[in-house]
Amino acid sequence: MSRLVVASIGPASSVQDGGRHGAQRYGLTVSGAMDRLSLAAANTLVGNAPLAAAVEIGPFGAAFTARDGAVRVAISGAPRNADVAGSPVAMDSSVTLKDGETLTLGFARGGAFTYLAIEGGITGELVFGSLAVNARAGLGSPYPRPLQAGDEFSVDAASGAPEMRIELPKPVSGPIRVLLGPQDDEFDDANKALFLNSEWKISATSDRMGYRLQGPAIKHLYGHNIVSDGTVNGSIQVPGNGAPIALMMDRGTSGGYPKIATVITADVGRLAQTSAGTAFRFKAVSMAEAQDEARKFAQAIRSLPDRLRSSDTVALNIEALSDANVAGHAVNAVDAGTWQVTAEP
Amino acid sequence: MAATLPPPRLLPSGDSAVTVEFSRTIDDDANQRVLALDKALVASPIDGITETVPTYRSLLVHYDPGKIGFDALGEKLLPIAIQPPPPVTKARRWRIPVAYGGEHGIDLEDVAKALNTTPDDIIARHAGGDYKVAMIGFTPGWSYLSGLDKSLHMSRRQNPRLLTPAGTISIGGVQAGIQCLAAPSGWHLLGRTPVRTYQLHRNPTFLTEPGDRVTFFAIDHKTFEELDRAAEAGELVAEQVAA
């Protein structure tokens, strides 16, 4: 066995997986990765099951050191500078840390959450089939709380498999798609239009439980109290002050505010990766389109292994990486000569 | 009874869940039908349903749109949902000990004053009630109870507390509750129970199920300490009595 030691880590970082299902009827929160596609990509790179537990790293920097042997890891999600002993590591690729080596990750440049998957996965005590951390309920394993410097994972020694990169599906851009309801009839047409036609920003006070949306106040038709009703990931509830809250992975299983709309499954991760302060819009879609997108999203996760490529087929473009970093842009460092601006949602 | 309720409505909750709504208000008949539909889906599962969450007035049905679409699911759900609920034959019944007042029930005196009576009278009315677990939600094990004595109905606190203790026994609006974990709450704190409705390494992890019946009985604060230690060690502490 090797160890992967958390050398440093910012707040809002924890172990997450596909979530804890089957006990919402008892009030047990689902939790799990804020961006499932990125979790799945990181896991696929090191040969893990797509929704296996990995480290979800919040917007701040982090560093991980291999001890007692080599450890193979992979990163995907919100782009950041990453290096091992000064050698850059591209996003969406795997890297093997030799004993004593440290992978250092900078702040997220666009987006919020980056996933660090570890070859062989993270071991811990499953509760309802999940290691996902819900800090409020003191649930999750091996650490039922946000990660801290000094935490460590007992992990498989690196297999020596060749390093891989993954060519992710073209990112979706444009408005965050929603289905109206389940309580859109608690709002008149003018206020539904106000919700759909306004520009929104995510408040800095948001967290894994909910994203507070800044924009115009949405008014209720009959007041803001409803008898508590079940919630889903992406439920957008409107409390008394009219400022909508998008419920995220650590949401309560029920809530007492009318829900004007629900983010479609395929876009929950995109919303999760929208940085605080970035302007975006919502767009209503039909049930048929939403379900079609949900099926495509599930298929995209299933087909990730087909998108693996050997890392040594391209050279890192250090110059482009450096330029881009200076300019504050994200760069795809494995596609020599090309670089891209972080997609605005 | 059930016949007075309008037909249930299917409300999309995104692309992977549907709310089967029986009522917009707290209504015991509606809750009975929610629990009956939930039970029926356990007895005869519909392929594609992944999880159900009963609430006071609706059943949230999570499903996999890769297995069944919204319309097809609705066509299967509605005929079951419109069935009149079978009479409740056997519900599990729990007797839950409560240390009322003092540090454990910091709102007891105020509630008594607001309702123009004595703390002992509030305790008698609260402990004299026969409650049903209408739903569990918000945080693990938080049991929402219907059946609160009408004389104890009162609006929630103007300023919700950011943190109330684990085990809090409280009332709010027309509802009574058993709270398991420390949590924010705008309800009135009458007492505290040593019973854990949720305890990770205990079998069962969750004490109450929607549909269970609950009564309370008063214990002194010294007994609370003893039972609290026993509960911490994994004992149920709650008494199950024949229905």
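The shown structure was predicted, so the numbers you read here are calculated from the model rather than taken from an experiment.

A. Spotlight on the interface of chain B and chain A. If you look at the interface, chain B gives 43 residues, while chain A gives 38 residues. The contact between chain B and chain A buries some 3200 Å² in all, and 54% of this surface belongs to carbon and sulfur atoms. Among the residues of chain B in contact with chain A, B:Asp15, B:Glu51 and B:Phe206 are the three that bury the most area, contributing 18% of the side total. Connecting chain B to chain A are four salt bridges. At the boundary of chain B with chain A, the tally comes to 23 residue pairs in polar contact (both at pLDDT 80 or more). Of all the secondary-structure elements, those providing two or more residues to the side of chain B that touches chain A are β1 (9–12), β2 (17–21), β3 (49–54), β4 (58–63) and β6 (131–136) of chain B. A class-by-class count of the residues in the side of chain B that touches chain A yields 20 nonpolar, 16 polar and seven charged.

B. Focus on the sheet that holds strand β21 (residues 282–284) of chain A. Residues and elements named next belong to chain A. Reading across from one edge, β14-β15-β18-β17-β20-β13-β21 is the order of the seven strands in this open sheet, with mixed pairing throughout. Bordering the open sheet on either side are β14 (201–202) and β21, each of which pairs with just one other strand. Note that β14 and strand β15 (residues 210–214) share two bridges and pair antiparallel. Looking at the pairing, Ile202 lines up with Leu213 of β15. Those strands touched by helix α3 (residues 265–272) are β13 (176–180), β14, β15, β18 (245–247) and β20 (259–263), and its axis lies near 130° from that of β13.

C. Representation of the side chain of B:His126. Inspection of the secondary structure puts B:His126 in helix α4 (residues 119–127). Residue contacts for B:His126: discarding those within four places in its chain leaves B:Tyr100, B:Tyr131, B:Leu148, B:Leu152, B:Ile169, B:Ile171, B:Leu190 and B:Phe216.

D. Quick peek at the nonpolar core. With 64 residues, the main nonpolar core has A:Phe195, A:Tyr211, A:Ile236, A:Leu271 and A:Phe282 as its most contacted residues. Counting residues per element, this core draws most heavily on helix α1 (residues 36–45) of chain A, at five residues. The contact partners of A:Ile236, leaving out residues within four places of it in the chain, are A:Val178, A:Phe195, A:Leu213, A:Pro244, A:Ile245, A:Ala246, A:Pro258, A:Lys259, A:Ile260, A:Ala261, A:Val263 and A:Phe282. Counting 38 residues, the second largest nonpolar core, distinct from the first, contains A:Ala23, B:Ile136, B:Ala230 and B:Val237.

E. Quick peek at unusual backbone geometry. A:Ser141 connects to A:Pro142 through a cis peptide bond whose omega is 5°. In this structure, A:Pro142 sits in the loop between β10 (114–118) and β11 (152–155). The amide bond that connects B:Asn203 to the next residue, B:Pro204, takes the cis arrangement and shows omega of 0°. You can see B:Pro204 is positioned in the loop between β12 (188–192) and β13 (213–218). A positive phi is found at A:Ala85, a non-glycine position, where the angle reads about 50°. The residue A:Ala85 is located in the loop between β6 (82–84) and β7 (87–88) in this model. Judged by relative accessible area, which is 66%, A:Ala85 ranks as exposed.

What counts and how
- Residues numbered from 1 in each chain as written.
- Chains lettered and ligands numbered in written order.
- Predicted model: local features only at pLDDT ≥ 70, side-chain atom pairs only at ≥ 80, totals over all residues.
- Heavy atoms only, no water.
- Contact = heavy atoms within 4.5 Å.
- Buried area = accessible area lost by both parts, 1.4 Å probe.
- Salt bridge = Lys/Arg side-chain N within 4 Å of Asp/Glu carboxyl O.
- Polar contact = N/O pair within 3.5 Å; in protein donor to acceptor, adjacent residues only side chain to side chain.
- Helix = DSSP H or I, 4+ residues; strand = E, 2+ residues; numbered from the N terminus.
- Nonpolar A, V, L, I, M, F, W, Y, C, P; charged D, E, K, R; others polar.
- Pairing = 2+ DSSP bridges.
- Axes fitted to C-alpha atoms, helices over the stretch in contact; angles between N-to-C directions.
- Core = buried A, V, L, I, M, F, W, Y, C linked by side-chain atoms within 4.5 Å.
- Buried < 20%, exposed > 50% of the residue type's maximum accessible area, 1.4 Å probe, protein only.

The quantities given are spatial measurements derived from coordinates; they are silent on function.
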